[in-house]
Amino acid sequence: MMGASGLVMQAMKTQIIAALAATFAFLAPVAAIADNHADEHGEDAPRWSIAIHGGAGTLSPDNMTPERRAEYEAALQVALDAGAQVLKNGGTAMEAVQAAILPMEDSELFNAGRGAVFTWEGENELDASIMDGRDRSAGAVTGVTTVRNPILLADKVRTESPHVFLMGEGAEQFAVKQGFDVTPPEYFYTQRRMESLERMKAEALSSLDVDHKFGTVGAVALDSQGNLAAGTSTGGMTGKRWGRIGDAPVIGAGTYADNRSCAVSATGWGEYFIRVGVAQEICTRLRMTLYREAYASGGDLNDQHRAWMREQGVVQKAADAVMAEVKELGGDGGVILVTPDGDALFSFNTTGMYRGRATSDGVNEVAIFGGEEGSGTGNTPDH
Ligand code: GLY
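What counts, and at which threshold
- Residues numbered from 1 in each chain as written.
- Predicted model: local features only at pLDDT ≥ 70, side-chain atom pairs only at ≥ 80, totals over all residues.
- Heavy atoms only, no water.
- Helix = DSSP H or I, 4+ residues; strand = E, 2+ residues; numbered from the N terminus.
- Expected span 1.5 Å × (residues − 1).
- Buried < 20%, exposed > 50% of the residue type's maximum accessible area, 1.4 Å probe, protein only.
- Near = heavy atom within 4 Å.
- Polar contact = N/O pair within 3.5 Å; in protein donor to acceptor, adjacent residues only side chain to side chain.
- Areas by Shrake-Rupley, 256 points an atom, 1.4 Å probe, with all protein chains shown as cover.
- Nonpolar A, V, L, I, M, F, W, Y, C, P; charged D, E, K, R; others polar.
- Core = buried A, V, L, I, M, F, W, Y, C linked by side-chain atoms within 4.5 Å.
- Axes fitted to C-alpha atoms, helices over the stretch in contact; angles between N-to-C directions.
- Parallel < 35°, antiparallel > 145°, perpendicular 65-115°, else oblique.
- Contact = heavy atoms within 4.5 Å.
- Left-handed = near helix turned anticlockwise from the far one by under 90°.
- Pairing = 2+ DSSP bridges.
- Arc of directions from axis to C-beta.

Draft legend 1. Here's a closer look at helix H3 (residues 66-88). With 23 residues, H3 extends 31 Å from end C-alpha to end C-alpha; this agrees with the ideal 33 Å at 1.5 Å per step. Every buried residue belonging to H3 is among Tyr72, Ala75, Leu76, Ala79, Leu80, Gly83, Ala84, Val86 and Leu87, and all of these are buried.

In structure tokens:
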């Protein structure tokens with residue numbers, strides 16, 4: 001049986017081979033993108049960028065001790081640095097997304113992997129998905145109970161099966177076949193999460209009443225070859241039952257990546273994110289806006305249109321507009337995005353979102369509450 005580090009190594013090898021193959025397959029367009037990118041944005045355009053989240057919700061500095069805040073910020077920084085390091089070393093966006101998500105899955109602080117919430121029956125059912133913007137290949141798993149790092153399994157579904165989405169026992173059998181350790185359920189037991197379930201039952205509360213936030217984790221990245229990737233991992237919502245599945249493992253809702261537009265990972269009230277198709281909706285709006293602009297100017301789509309889109313803040317507006325739709329329907333949460341131009345943005349309709357971003361331009365910041373960004377771009381609402 002292979003441990004998590006062995007799996008990461010194996011995943012990296014697979015990615016390197018895939019990246020080499022992709023380099024030849026996409027050589028001409030990638031070179032064109034890189035040249036145009038340099039022409040249009042000069043030396044200053046970020047060569048790589050990454051954004052991460054560890055959930056969104058009703059977060060207030062008044063309700064968080066300085067120690068707790070420092071703990072979250074440190075955990076976010078570890079995840080951000082892990083992903084940024086991969087990109088700095090020339091690794092792929094797919095590798096960076098997994099490298100950033102792994103420490104959050106291994107932390108008790110986030111509702112994913114080790115820190116997953118409990119179902120109504122007192123189990124931890126994990127969901128994850130991942131998508132490669134190069135070819136829109138995707139992998140996802142739902143309801144797995146014996147896999148320490150579901151994001152790695154989601155990627156194996158993508159690379160080692162003809163499928164996109166596996167569930168429950170079947171997904172676990174596939175994991176064993178792929179050499180994953182069978183993680184005992186006790187590994188996922190945390191006192192804090194059990195108390196939330198017990199309180200929910202005893203006081204007839206909703207999962208939002210007991211958790212105040214969605215601790216789903218995710219990462220999106222642009223690598224120096226111009227490729228995008230997105231991944232998301234979660235335990236779902238406290239007290240979920242009847243096989244309930246949220247947005248995190250649903251490609252198009254919680255996760256989407258397309259080199260032509262953007263990469264998105266979501267956190268929030270999954271039912272609403274599924275109904276809006278949040279992640280794909282944002283990407284589609286960007287792509288259609290670009291085509292419309294090109295059509296209006298009577299030419300083929302080129303980097304001038306991308307520059308126009310950037311100047312107009314179209315990416316932030318599209319993300320905010322889609323999140324406003326989620327809110328209109330009654331849902332809440334947030335998204336992280338990166339674009340082929342290296343912008344790393346956030347949008348959320350909650351008071352806070354655990355988040356961070358880093359770029360080759362030297363941006364490196366983590367934040368929790370609204371309006372905390374210091375880098376001056378893509379600032380978040382200060383509720
Ligand atoms: N966003 C996670 C869920 O709804 O399950």
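Draft legend 2. Molecular detail of the site of the ligand. Around the ligand, the neighbouring residues are Thr216, Gly236, Met237, Arg244, Gly246, Asp247, Gly268 and Gly270. A distance of 2.6 Å separates a nitrogen atom of the ligand from a polar atom in the backbone of Gly268. A distance of 2.9 Å separates an oxygen atom of the ligand from a polar backbone atom of Gly270. For the ligand, whose unbound accessible area comes to 200 Å², protein coverage reaches 99%. Partitioning the shell around the ligand into residue classes produces one nonpolar, five polar and two charged.

Draft legend 3. Representation of the nonpolar core in the model. Ile50, Ile52, Phe110 and Leu153 are the most contacted members of the largest nonpolar core, which totals 51 residues. Counting residues per element, this core draws most heavily on helix H4 (residues 93-105), which supplies nine residues. Core analysis: the second largest hydrophobic core is formed by 40 residues, Ala138, Ala230, Ala257 and Phe348 among them.

Draft legend 4. Just the packing of helix H5 (residues 150-160) against helix H6 (residues 168-177), in detail. At a minimum axis distance of 10 Å, the contact between H5 and H6 shows a crossing angle of 75 degrees. Between H5 and H6, the angle is such that the two are roughly perpendicular. Judged by residue contacts, Leu153, Lys156, Val157 and Glu160 of H5 engage Ala171, Phe174 and Ala175 from H6. A class-by-class count of the residues in the contact of H5 with H6 yields five nonpolar, no polar and two charged.

Draft legend 5. Molecular detail of the packing of helix H10 (residues 278-296) against helix H11 (residues 303-311). As a packed pair, H10 and H11 sit with axes 10 Å apart at the nearest point and diverge in direction by 120 degrees. Here H10 lies oblique to H11, going by the angle between them. Of the two possible hands of crossing, H10 and H11 adopt the one that is right-handed. Facing Leu286, Thr289, Leu290, Glu293 and Ala294 of H10, the residues of H11 in contact are His305, Arg306, Trp308 and Met309. Considering only residue class, the contact of H10 with H11 consists of five nonpolar, two polar and two charged.

Draft legend 6. Structural context of the sheet that holds strand S9 (residues 262-268). Strand order in the open sheet formed by four strands is S8-S9-S10-S11, and the pairing between neighbours is antiparallel. Edge positions in the sheet fall to strand S8 (255-258) and strand S11 (344-348), since each of these pairs with one other strand and no more. The mean inter-strand angle of the sheet, taken between neighbouring strand axes irrespective of direction, is 15 degrees. Two elements, strand S10 (residues 333-338) and S11, share five bridges in a ladder whose sense is antiparallel. If you follow Val338 over to S11, its bridge partner there is Ala344. Relative to the sheet, helix H12 (residues 314-329) contacts S10 and S11, its axis offset from that of S11 by approximately 25 degrees.

Draft legend 7. Fine view of H6. Turning to H6, its buried residues number three or more, namely Gly168, Ala171, Glu172, Phe174 and Ala175. Around the axis of H6, the buried residues are gathered within 160 degrees of arc, so they sit on the same side. Exposed residues on H6 whose side chains face more than 90 degrees from its buried face are Glu169, Gln173 and Lys177. Buried residues belonging to H6 abut strand S3 (137-144), H5 and strand S4 (165-167). In the segment just after H6, Gly179 is the residue with positive phi, at about 90 degrees.

Draft legend 8. Region of the structure containing the pairing of strand S1 (residues 49-57). Within S1, nine of the nine residues are buried, leaving the element largely enclosed by the surrounding structure. Where S1 meets strand S6 (residues 217-222), five bridges bridge the pair, whose relative direction is antiparallel. Directly across from Ile52, in S6, lies its bridge partner Ala219. Sheet topology note: the S1/strand S12 (residues 352-359) ladder contains seven bridges and is antiparallel. Of the residues in S12, the one forming a bridge with Ala51 is Arg357.

Draft legend 9. Fine view of the environment of Glu271. By the element assignment, Glu271 lies in helix H9 (residues 270-276). Residue class for Glu271 comes out partly exposed when judged on its relative accessible area of 30%. Of note is the side chain of Glu271, whose polar atom sits 2.8 Å from the side chain of Arg244.

Draft legend 10. Quick peek at the side chain of Thr339. By the element assignment, Thr339 lies in the loop between S10 and S11. Setting aside anything within four residues of it in sequence, one finds Thr339 in contact with Leu222, Leu228, Ser261, Cys262 and Val315.

Draft legend 11. Layout of the environment of Ala319. Turning to its location among the elements, Ala319 is positioned in helix H12. Since its relative accessible area comes to 1%, Ala319 is described here as buried. Between the alpha carbons of Ala319 and Phe346 there is a distance of 8.0 Å; along the sequence they are 27 residues apart. Each residue touching Ala319, except ones within four places of it in the same chain, is listed here: Ile282, Val335, Leu337 and Ser347.

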